[in-house]
Amino acid sequence: MERPETSTAAELQVPSSGCLGLEADHMGSLEEFSDSLEEESTRPRTRSFSWNFKAKEVWANKTPNYFLRSRNTEGILIQVAFSIWLGSMWRFPYLCHSNGGGSFILPYLVMLLLFGVPLLYLELLIGHWLQADSIQIWKQLTPWMGGVGYSNILVGILVSLYNSAIISWCLFYLSQSFAHPLPWDHCLMVNNINTTNLSCLRTVPQQYFWYHTALHASGHIESGMDTLVLHLSLGLLATWVFLLLIMTAEIKISMSILTSSIFLPYFLLLCLLIRSVFLEGAFGSLRRMLTTELATLASVHVWYQAGCHVLYSLGLGLGIIMTLSQPRYANYVKTAFSVAFVNLVTSLLTTSIVFLVLGFWATTSGHTCVEMSVSSLTKFISQGILPQKAKPPDDMLHRPPVDYLAWVTGLPRHLQHKVIQLSPSCSIMVKKEQFMEGLGLSFVAFSQAVSLLPGASFWAIIFFLALIIMELCIMIRILECIIVTLQNFIFIKYPRMVPVVICLGGFLGSLIFSSRPGSYIVALFDTHIIPIALVISVLSQNVALAWIYGARRFRQAIMTKLSHRPRPSFTALWSCLTPLWLLILFIILLVGQHQKSGFTYITWNSSMSQEVRQPLPWVVRCFNSLGYLPLLIILFYPLHHWWHLQNHITTDAFERLPGKKMPAVFPKPLPWPKHPMKKSTTDLQDTSTRASGEFSLPLRSRSSSWFKTFPLPSFFSQESMVTPLQVTPTSETLEENHVTNKSPALPHMPPTHEDRGSAS
């Protein structure tokens, strides 16, 4: 009866690190697990053996396979969800619009394939190879470059701060979606309009609602910093309180919520795309999206923007991909290409909707809007809603649009309010396709597309609710990785305080985004601070692995541990092309920081009802230094590592000094060992254990007490040891790491003469 058990365990054997003895260890571990079930059974032995054999067969054949499939699917869905929202839904459309449409898509596609996919593939391999958080990974790979892990945590914190501001914007739009008709579809803010200010009629109502109602935007970035917008502050408070409850209550995101957060936005985007196709003048702007201009294509700024967005959209440099890639994928290259493909399709889908809406705005503005306004006013007068005094002159259609604004200004105050409120959703002033280039382009365009659907309030609620759920899922993953890492390295004694500190600090740090110039500060983060931090983080990762640790050595370790052979082309890309590309991006960033033309931002001019580009004040320019904090951490960590190593060597020298001069006087005599041979054998085993570098430290975690050990090779210093990861009993059996005496994750170096001498 033992033969079927052995064959079943062999079928479950996952490719190990190349040592033949591991197969026997895994089969023995499965038999020990099954034997423990037999010992705990209270039934008679003669009747329980067949039942236990059936239990072992079910455990060996069904449960691990289902567990592997579910983890694999969940891992891929998390990767897809993580890459979709970070850049495809709201960042890519306005970058594509402000950089020439098709002239931006082509560089982005080239850089996504040549650089984005190899770097994503690299982080997937590193994450599943070492199965640790970012700090542990880089301390284990290159002890002197351990600051890369801390820089990943810092970049993740910066991204989570200003992403919480985006959630607060979505929450405000969700709260306004319950009104019928939708408040951004018409000029409803008539209380602030006097006889000389007709800002709502000078632009589309959606843009007016965005700047005046949603943001209460000021005219300059330095004005109104001390004034907080109440509804945005409440949105930030609700966001961080919800995240705190999720972190402290240990609530897990189910597969149904994760799946709905991915596929529901796609369904809504397809509905918006179908409706936008039938808008007047929509295809004129869509043609610009698909047209590539050689003059724009030759611009260095366009390639720089596309390269930085590749890093941002795939979530590279945050350390999250390495943490999320712990499930075993069937094909790492296929997973990387699939995530990049989904990211590209989502970006093109959302950008198409935005460009279609832009074409509709450009077509219906100016003289066309005057015709629509005169027609609607005549209709309301015939229905008795407006008096005859509100009838426009007969020759109004032959006049320029400015005369219509002058006529509205000359009306009595009560009639002026009614005319503005009943005006159609268009701009009296002529708008070109490039009339809006700010960060809120996606919000304004999506709000316009949703308002055109039948039952607009219902679709608006579903759409913004789906965006909030997707963004919260991403925020939970980012904060989860940050909190677990800080619990293991900084807040070791008080792990329960980490979620409170992170969420409280996140709320206080993001309050600046709820001020009147808060949207300008979000744009400053998105344009200057985050790209610099991402380039520094990814460049240091690539250099540390390909040049310091060694690309060929890494390739051999992956072949040994994962039984996966990376292609030589990827090794060449990691060694030569991607570091050079990242270095060029970093140089362009440095040069752009010293150019006056690079320090500009887009503000809202309320008197003219249009966006204006202004230079950044020198005080705000100093705020860009936050992007260089990861570089300071990476450069400071080797000094800290050297200082700690020197203190360790000095302490060992002082401890050995009394033993060399004369025997120390102890307060109590030490007894001789009773078994000298046993003591020598124990000492020899301890020496071999220290030479192999295996160790086991408890991991502070919130959910489980199962740990696994990462043995390190002998050429790593003691300071580079990492805290082992926690796993569940099932994942220990499946990931072949529940036995402590195993071959290390990194390849061993051949023993030196000193090691042979110490061993003898």
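Residues numbered from 1 in each chain as written. Predicted model: local features only at pLDDT ≥ 70, side-chain atom pairs only at ≥ 80, totals over all residues. Heavy atoms only, no water.

In this structure, what is going on with the pattern of salt bridges? I would like to understand it.
Side chains that differ in charge, positive against negative, can pair when their charged atoms come close. Inspection of the entire model under this criterion finds four salt bridges. For Asp395, the salt bridge identified is with Arg399, shortest N-O distance 3.2 Å. The class of Asp395 is partly exposed, set by a relative accessible area of 34%. The residue Arg477 makes a salt bridge to Glu480 at a minimum N-O spacing of 3.5 Å. Taken as a pair, Arg477 and Glu480 lie in helix 22 (residues 456-489) at a separation of three residues, close to a single helical turn. Among the residues examined, Arg477 registers a relative accessible area of 14% and is labelled buried. (Salt bridge = Lys/Arg side-chain N within 4 Å of Asp/Glu carboxyl O. Buried < 20%, exposed > 50% of the residue type's maximum accessible area, 1.4 Å probe, protein only. Helix = DSSP H or I, 4+ residues; strand = E, 2+ residues; numbered from the N terminus.)

Honestly, the packing of aromatic side chains in this entry has me stumped. Any pointers?
The way to describe two aromatic rings as a pair is by their centre distance and the angle between their planes. The final tally for this structure, using the stated rule, is 33 aromatic pairs. Three or more aromatic residues joined by ring pairs form one cluster here, namely Trp169, Phe172, Tyr173, Trp184, Phe209, Trp210, Phe443, Phe446, Phe463 and Phe464. Its guanidinium or amino end placed over the ring of Tyr312, Arg91 lies 4.8 Å from that ring's centre, counting from NZ or CZ. (Phe/Tyr/Trp six-rings, centres within 6.5 Å; stacked < 30°, edge-to-face > 60°. Lys NZ or Arg CZ within 6 Å of the ring centre and 35° of its normal.)

How do you make sense of the layout of surface pockets when you look at a structure like this?
Once rolled over the atoms, a probe with the size of a water molecule shows which space is left empty. Roughly 860 Å³ of internal volume is contained in the second largest pocket. Lining the second largest pocket are 39 residues, and of these His301, Gln305, Thr527, Thr600 and Arg613 lie nearest its centre. Among the secondary structure elements, those contributing two or more residues to the lining of the second largest pocket are helix 5 (91-98), helix 10 (205-214), helix 15 (300-314), helix 24 (518-562), helix 25 (568-593) and strand 1 (600-605). A per-element tally of the lining of the second largest pocket places helix 24 first, with seven residues. Among the residues forming the lining of the second largest pocket, the class breakdown is 20 nonpolar, 15 polar and four charged. (1 Å grid on protein atoms, 1.4 Å probe; cavity = no way out; pocket = protein on both sides within 12 Å on 5 of 7 lines; lining within 4 Å. Points joined across faces, edges and corners; volume = space filled by probe spheres on them. Nonpolar A, V, L, I, M, F, W, Y, C, P; charged D, E, K, R; others polar.)

Explain the environment of Leu161 here, please?
Relative to the helices and strands, Leu161 resides in helix 8 (residues 147-176). With a relative accessible area of 13%, Leu161 lands in the buried category. For the pair formed by Leu161 and Leu508, sequence separation is 347 residues and the distance between their alpha carbons is 9.6 Å. The residues contacting Leu161, other than those within four sequence positions of it, are Trp240, Gly506, Gly509, Ser510 and Phe513. (Contact = heavy atoms within 4.5 Å.)

I'm lost on the nonpolar core in this one. Help?
As a rule of thumb, soluble globular proteins bury nonpolar side chains together. Grouped together as the largest cluster of nonpolar side chains are 175 residues, with contacts concentrated most on Trp129, Trp138, Trp169, Trp210, Phe463, Phe464 and Phe554. The element best represented in this core is helix 24, accounting for 23 residues. Judged by nonpolar contacts, the second largest core, of 24 residues, contains Cys187, Cys200, Phe380 and Leu405. (Core = buried A, V, L, I, M, F, W, Y, C linked by side-chain atoms within 4.5 Å.)

In this structure, what is going on with helix 22? I would like to understand it.
In an α-helix there are 3.6 residues to a turn, and that puts residues three or four apart on one side. The first and last C-alpha atoms of helix 22 sit 50 Å apart over 34 residues, in line with the 50 Å expected at 1.5 Å per residue. Most of helix 22 is tucked away, with 28 of its 34 residues classed as buried. (Expected span 1.5 Å × (residues − 1).)

Would you mind going over the pairing of strand 2 (residues 610-615) with me for this structure?
Look at any regular strand and the pattern is simple: side chains alternate between the two faces of the sheet. Of the pairings in the sheet, the one linking strand 1 to strand 2 comprises six bridges and is antiparallel in character. Within the sheet, the bridge partner assigned to Trp604 lies in strand 2 and is Glu611. Adjacent in sequence and paired antiparallel, strand 1 and strand 2 are bridged by four residues, among which Ser609 carries a positive phi angle near 55°. (Pairing = 2+ DSSP bridges.)

Could you clarify how one ought to interpret the state of the cysteines in this entry?
One covalent bond between the sulfur atoms of two cysteine residues makes up a disulfide. Enumeration according to the criterion identifies two disulfides in this entry. Put simply, Cys187 and Cys200 are joined by a disulfide, and their sulfur atoms are 1.7 Å apart. Handedness here is read from the sign of the S-S torsion; for Cys187 and Cys200, about -95°, the answer is left-handed. Within this pair, whereas Cys187 is found in the loop between helix 8 and helix 9 (199-202), its partner Cys200 is found in helix 9, the two being separated by 13 residues in sequence. Judged by relative accessible area, which is 1%, Cys200 ranks as buried. (Disulfide = S-S within 2.5 Å.)

Even after reading the chapter, I still don't get helix 19 (residues 401-409), so can you show me in this structure?
All of the buried residues in helix 19 are Pro401, Tyr404, Leu405, Trp407 and Val408. The buried residues of helix 19 occupy an angular sector of 160° when the element is viewed end-on, so they sit on one face. Residues of helix 19 that are buried make contact with helix 9, helix 18 (367-382) and helix 20 (413-421). (Arc of directions from axis to C-beta.)

Quick question: what am I supposed to make of the packing of helix 8 against helix 24 here?
When two helices pack together, their arrangement is captured by the angle between the axes and the distance separating the axes. Two elements in contact, helix 8 and helix 24, have axes whose closest approach is 10 Å; the angle formed by their N-to-C orientations is 155°. Classified by the angle their axes make, helix 8 and helix 24 are roughly antiparallel. Of the two elements, helix 8 crosses helix 24, and the hand of that crossing is left-handed. From helix 8, Val148, Ser151, Asn152, Val155, Leu158, Val159, Tyr162, Ala165 and Trp169 reach across to helix 24, where they touch Ser519, Val522, Phe525, Asp526, Ile529, Ile530, Ala533, Leu534, Ser537, Ser540 and Gln541. Here the residues of the contact of helix 8 with helix 24 are counted per class, giving 13 nonpolar, six polar and one charged. (Axes fitted to C-alpha atoms, helices over the stretch in contact; angles between N-to-C directions. Parallel < 35°, antiparallel > 145°, perpendicular 65-115°, else oblique. Left-handed = near helix turned anticlockwise from the far one by under 90°.)

Is there a simple way to think about unusual backbone geometry in this case?
Backbone geometry follows two general trends: most residues other than glycine have a negative phi, and most peptide bonds adopt the trans configuration. In this structure, Pro181 follows His180 across a cis peptide bond, with omega equal to 0°. Even without being glycine, Ser563 reaches a positive phi, approximately 55°. One can find Ser563 in the loop between helix 24 and helix 25. A relative accessible area of 46% means that Ser563 is categorised as partly exposed. The phi torsion at Ser609 lies on the positive side, around 55°, for a residue other than glycine.

What is the right way to read the packing of helix 10 against helix 21 (residues 441-451) from this model?
The interhelical angle for the contact between helix 10 and helix 21, taken along N-to-C directions, is 130°, at an axis separation of 9 Å. By the criterion of interaxial angle, the relationship of helix 10 to helix 21 is oblique. Read as a crossing pair, helix 10 and helix 21 show a hand that is right-handed. Residues Gln206, Gln207 and Trp210 of helix 10 form the contact with helix 21, whose own contacting residues are Phe443, Val444, Ser447, Gln448 and Ser451. Split into classes, the residues belonging to the contact of helix 10 with helix 21 amount to three nonpolar, five polar and no charged.

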